Amino acid sequence: MGWEDIEKMTTINLREELLALLNKEHEYALLPDGNTNRNGPSSNDDDESFDAMRRNVCQWKYECVDYFQFDREVVYLSMHFFDRFWARQTSKPSIKLSHLLALTSLYVAC
């Protein structure tokens, strides 16, 4: 459904669409403890290592974007993809998968 179809929609359809979007957004919202992972517990050590890995990935993405002279908003979008993927994972992030996801999310965001 595109923006041009919005004018043709009834109020009930718009309400249903918005509720569906809000429910989908709820899946990725932060929990009260600041974690996005709803599928399993994690320890503080895992959170610290994930935060360090996420900072490194973000820094690398900014370096790539600056080198190729892309808009820096690409990093924001690619980190959104990166975070959404990890929010659905129950296992501990591996370094190989993190590298693959960092590259893929940057590619998709460009």
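Residue numbers restart at each chain and count upward from 1, following the sequence in its written direction. A pLDDT threshold of at least 70 governs which residues receive local features in this predicted model, and a stricter bar of 80 or more applies before side-chain atom pairs are shown or counted, although totals over entire chains, interfaces and linings include all residues. Think of the side-chain values as coming from all heavy atoms in the structure, minus any hydrogens and water.

Peer 1: Mind laying out a nonpolar patch on the surface, listing which residues take part and the relevant values?
Peer 2: A contiguous nonpolar surface patch, about 580 Å² in accessible area, is contributed by Y76, L77, F81, Y107 and V108. Per the convention used, a helix needs a DSSP run of H or I reaching at least four residues, while a strand needs a run of E reaching at least two, with both numbered from the N terminus. It is helix α3 (residues 73-87) that provides the largest number of residues to the nonpolar patch, a total of three residues. Tracing the sequence through the fold places V108 in helix α4 (residues 95-109). Without a salt bridge and with relative accessible area above 30%, a residue can belong to a patch; like charges are then joined within 9 Å and nonpolar side chains (Val, Leu, Ile, Met, Phe, Trp, Tyr) within 5 Å. Here the open area of atoms and residues is found with the Shrake-Rupley method and a 1.4 Å probe, where only the protein chains shown may cover a residue. For this analysis, a salt bridge means a side-chain nitrogen from Lys or Arg found within 4 Å of a carboxyl oxygen belonging to Asp or Glu.

Peer 1: How would you sum up the pattern of salt bridges? Please name residues and give values.
Peer 2: Pairing between side chains of opposite charge can happen when their charged atoms approach one another. Under the defined criterion, the tally for this structure stands at two salt bridges. Two residues, D83 and R54, come together in a salt bridge whose shortest N-O distance is 2.6 Å. Remark: R54 occurs in helix α2 (residues 44-67) and D83 occurs in helix α3; sequence separation between them is 29 residues. Judged by its relative accessible area of 24%, D83 is partly exposed. Under the scheme applied here, a residue whose accessible area is under 20% of the maximum for its type counts as buried, over 50% as exposed, and between as partly exposed, the area being computed with a 1.4 Å probe on protein chains only.

Peer 1: Account for the side chain of K61, naming residues and giving values.
Peer 2: By the element assignment, K61 lies in helix α2. For the buried K61, no salt bridge exists, and the shortest N-O distance to an oppositely charged side chain is 7.8 Å, to D83. Once residues lying within four places of it in the same chain are set aside, the contact partners of K61 are V75, S78, M79, F82, A102, S105 and L106. Neither His nor the chain ends contribute to the count of charged residues, in which Lys and Arg are positive and Asp and Glu negative. Any two residues having at least one pair of non-hydrogen atoms within 4.5 Å are treated as being in contact.

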